[in-house]
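Read off the chains here:
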Amino acid sequence: MIPYGRQDITDADIDAVVQVLKSDYLTQGPTVPAFEKALGDKVGAKHALAMNSATSALHLACLALDLDAGDWLWTSPVTFVASANCGLYCGARVDFVDIDAETYNISPDALEKKLIEAEQQGRLPSVVVAVHLSGQPCDMQAIHALGQRYGFRIIEDASHAIGGKYLGDYIGNGRYSDITVFSFHPVKIITSAEGGMAVTNDSALFEKMALLRSHGITRDDASMRSASHGPWYYEQIALGYNYRMTELQAALGLSQLERLDEYVERRHSLARRYNEKLAELPLKTPYQTDTGYSAFHLYIVRLDLTRIATDHRTVFEYLREQGIGVNLHYIPVHLQPYYEDMGFAQGDFPASEAYYREAISLPLYPGLAESDQDEVIRVLTQAISS
Ligand SMILES: *Cc1c(COP(=O)(O)O)cnc(C)c1O
């Protein structure tokens with residue numbers, strides 16, 4: 001099976017992890033801060049906080065922004081469930097904004113329309129999670145301008161987007177948002193096995209997330225209520241979690257980070273090959289904005305079902321049967337049973353639902369051989385023309 005995504009592990013990565021295994025610290029040593037520093041410097045963020053997953057990072061980002069019971073979090077339906085669940089973790093309510101039909105990211109026009117209605121109904125969101133689907137940045141200037149006007153804070157879910165750029169600068173520099181979150185799951189651009197990172201330029205948000213990452217415990221005199229009882233002393237001053245990243249994970253992530261640009265370039269080069277070789281087929285190749293440089297986590301095609309004799313599911317199943325590990329990103333979150341139980345239904349977000357009926361993610365990862373890519377193209381061509 002040619003998978004849709006796959007990690008790339010080098011000898012240098014393995015050596016880095018083995019070094020940590022032989023060192024004094026498997027957790028809470030020097031490697032996590034080194035990874036945080038390197039990643040923050042790379043993307044141009046003042047502060048970076050590593051965690052055990054992007055899901056944890058999204059949760060703490062919401063808590064740092066004071067998302068609370070009674071508040072609303074809005075995001076796109078076309079995302080992984082974690083982009084929405086983080087709001088529910090905080091007791092907030094979740095709603096969605098439909099996607100743009102070209103980019104598949106949250107539509108600034110739909111966002112503005114919904115904000116106008118929400119203002120009249122007194123249910124404006126406190127937080128909007130902008131998901132950079134497939135690594136292509138959202139229209140952050142437009143979202144940021146709406147945030148200024150309607151008073152919501154912005155989290156960029158850049159789980160797909162590390163190494164991508166918006167208006168020439170790396171995603172994560174925080175110019176148009178409060179906090180940006182990256183994922184290092186093995187299918188993502190770089191990996192730490194499991195892991196995530198929250199980056200921000202706001203020291204207060206950073207301090208709050210850092211506290212919550214480790215049980216809400218502080219050893220900083222200035223933050224304590226009482227005078228220290230002695231060198232062992234610490235205080236729990238908030239209800240936090242254990243969301244820490246291990247030294248092993250950080251060593252792998254730090255080693256992978258060195259190849260970030262190389263990975264993204266390779267993904268672009270494979271995407272260009274797909275674009276050329278799929279140009280004549282009845283499907284839409286990924287639209288690219290002129291303000292963004294995608295990290296190309298995913299290469300998503302949309303079938304033109306009006307020009308295909310067969311249907312979406314048959315094409316998908318044929319590809320899988322022939323050893324092509326295609327996938328579908330994503331089932332719109334509002335159609336998940338858990339969300340349907342909150343009152344969401346088919347028909348709520350038509351652009352997202354139309355996308356879901358036509359989309360297929362083709363294999364794309366740095367180690368994908370051009371001969372394997374040609375096989376994907378051959379089987380896809382066959383699937384569509386049968
Ligand atoms: C992968 C992913 C996440 C969750 O990342 P984890 O590190 O697995 O927790 C969140 N949002 C999006 C858009 C993702 O693709």
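Residues numbered from 1 in each chain as written. Predicted model: local features only at pLDDT ≥ 70, side-chain atom pairs only at ≥ 80, totals over all residues. Heavy atoms only, no water.

Per an unreviewed UniProt entry, the protein is named UDP-4-amino-4-deoxy-L-arabinose--oxoglutarate aminotransferase, and its organism is Kushneria phyllosphaerae. Listed in UniProt under the heading Sequence similarities (unreviewed entry), the comment for the protein reads: "Belongs to the DegT/DnrJ/EryC1 family." (UniProt positions renumbered as here; feature names shortened; annotations may be inferred.)

A.B. asks: Help me out: how do you make sense of the side chain of Thr 79 in this one?
C.D. replies: Locating Thr 79 in the fold gives a position in the loop between strand 2 (72-75) and helix 4 (82-89). A polar atom in the side chain of Thr 79 sits 2.6 Å from the side chain of Ser 83. What Thr 79 contacts, discounting residues up to four positions off in sequence, is Val 131, Asp 157, Tyr 330, Ile 331 and Val 333. (Helix = DSSP H or I, 4+ residues; strand = E, 2+ residues; numbered from the N terminus. Polar contact = N/O pair within 3.5 Å; in protein donor to acceptor, adjacent residues only side chain to side chain. Contact = heavy atoms within 4.5 Å.)

A.B. asks: What is the right way to look at the site of the ligand in this model?
C.D. replies: Near the ligand there are 15 residues, and of these Thr 55, Asp 157, His 160, Ser 183 and Lys 188 occur at the shortest range. In this structure, an oxygen atom belonging to the ligand sits 2.9 Å away from a main-chain N or O atom of Ala 54. At a separation of 2.8 Å, an oxygen atom of the ligand approaches a polar side-chain atom of Ser 183. Counting residues per element, the ones that place at least two in the shell around the ligand are helix 3 (54-64) and helix 4. Of the residues that constitute the shell around the ligand, the class distribution is 5 nonpolar, 8 polar and 2 charged. (Near = heavy atom within 4 Å. Nonpolar A, V, L, I, M, F, W, Y, C, P; charged D, E, K, R; others polar.)

A.B. asks: So what exactly am I meant to see when it comes to the sheet that holds strand 7 (residues 169-170) here?
C.D. replies: By definition, the strands of a sheet pair up through backbone hydrogen bonds, in either a parallel or an antiparallel sense. Taken in spatial order, the 3 strands of this open sheet run 7-6-13, and their pairing is antiparallel. Because the sheet does not close on itself, it has two edges, and the strands there are strand 7 and strand 13 (292-293). (Pairing = 2+ DSSP bridges.)

A.B. asks: So what exactly am I meant to see when it comes to the environment of Val 78 here?
C.D. replies: In this fold, Val 78 is placed in the loop between strand 2 and helix 4. Sequence spacing of Val 78 and Tyr 356 is 278 residues, and the spatial spacing of their C-alpha atoms is 8.3 Å. Setting aside chain neighbours within four positions, we find Val 78 in contact with Ile 99, Tyr 104, Leu 133, His 329, Tyr 330, Ser 352 and Tyr 355.

A.B. asks: I tried to follow the sheet that holds strand 1 (residues 47-51) on my own but got confused; where do I start?
C.D. replies: Spatial ordering of the open sheet is given by 1-9-8-5-4-2-3, a layout of 7 strands whose pairing is mixed. In this open sheet, the two strands that pair with only one neighbour each are strand 1 and strand 3 (93-96). Averaged over all adjacent pairs, the angle separating strand axes in this sheet is 20 degrees, with direction ignored. In this structure, strand 2 lies alongside strand 3, joined through 4 bridges in parallel fashion. The partner of Thr 75 across the bridge, within strand 3, is Phe 96. Contacts from helix 2 (residues 31-43) reach strand 1, strand 8 (179-183) and strand 9 (196-200), with the element oriented near 130 degrees to strand 1. Running over the sheet, helix 3 touches strand 1, strand 2, strand 5 (153-157), strand 8 and strand 9 and is turned about 165 degrees from strand 8. (Axes fitted to C-alpha atoms, helices over the stretch in contact; angles between N-to-C directions.)

A.B. asks: What exactly am I supposed to notice about unusual backbone geometry here?
C.D. replies: Peptide bonds are, in most cases, trans, and in most cases residues other than glycine have a negative phi. Tyr 330 follows His 329 through a cis peptide bond whose omega is 10 degrees. Its place among the elements puts Tyr 330 in the loop between helix 10 (312-321) and helix 11 (337-340). One non-glycine residue, Gln 28, lies in positive phi territory at about 60 degrees. Mapped onto the elements of the fold, Gln 28 is located in the loop between helix 1 (11-21) and helix 2.

A.B. asks: Is there a simple way to explain the packing of aromatic side chains in this structure?
C.D. replies: Between two aromatic rings, the relevant description is the distance of the centres plus the angle of the planes. Inspection of the entire model under this criterion finds 12 aromatic pairs. Ring centres of Phe 35 and Phe 184 lie 5.3 Å apart, and the angle between their planes is 50 degrees; on these two criteria the pair is classed as tilted. With a gap of 149 residues between them, Phe 35 in helix 2 and Phe 184 in the loop between strand 8 and strand 9 connect regions that are remote in the sequence. Across the pair, exposure class does not vary: Phe 35 and Phe 184 are buried alike. Ring geometry for Phe 80 versus Tyr 330: centroids 6.3 Å apart, planes at 45 degrees, classification tilted. (Phe/Tyr/Trp six-rings, centres within 6.5 Å; stacked < 30°, edge-to-face > 60°. Buried < 20%, exposed > 50% of the residue type's maximum accessible area, 1.4 Å probe, protein only.)

A.B. asks: How do you make sense of the pattern of salt bridges when you look at a structure like this?
C.D. replies: If the charged atoms of two oppositely charged side chains come close together, the side chains can form a pair. Per the counting criterion, the structure on display carries 19 salt bridges. The salt bridge involving Asp 8 is made with Arg 259; its shortest N-O contact spans 3.8 Å. Taken together, the residues span a long stretch of sequence, with Asp 8 in the segment before helix 1 and Arg 259 in the loop between helix 8 (247-257) and helix 9 (260-278) at a distance of 251 residues. Among the salt bridges present, the one from Glu 317 reaches Arg 313, with a minimum N-O distance of 2.9 Å. Here Glu 317 and its partner Arg 313 are both found in helix 10, 4 residues apart, which amounts to about one turn of the helix. In this structure Glu 317 comes out as partly exposed when scored by relative accessible area, which is 35%. The exposed category is assigned to Arg 313, whose relative accessible area is 59%. A single network of salt bridges, built from pairs that share partners, joins Arg 266, Arg 273, Lys 277, Glu 370 and Asp 374. (Salt bridge = Lys/Arg side-chain N within 4 Å of Asp/Glu carboxyl O.)

A.B. asks: Even after reading the chapter, I still don't get the UniProt feature "modified residue: N6-(pyridoxal phosphate)lysine" (unreviewed entry) in the protein, so can you show me in this structure?
C.D. replies: Cross-referencing UniProt, the feature "modified residue: N6-(pyridoxal phosphate)lysine" (unreviewed entry) maps to Lys 188 in the present numbering. Judged by its relative accessible area of 14%, Lys 188 is buried. Contacts of Lys 188, omitting those with residues within four sequence positions, involve Ser 159, His 160, Ser 183, Arg 267 and His 297. Only 3.4 Å separates the side chain of Lys 188 from the side chain of Ser 183, close enough to count as a polar contact.

A.B. asks: How should I be thinking about the environment of Thr 75 in this particular structure?
C.D. replies: Note on placement: Thr 75 falls in strand 2. Excluding its chain neighbours within four sequence positions, the residues that come into contact with Thr 75 are Ser 83, Ala 84, Asp 95, Phe 96, Val 97, Ile 106, Val 129 and Val 131. At 2.9 Å, the side chain of Thr 75 forms a polar contact with the backbone oxygen of Val 129.

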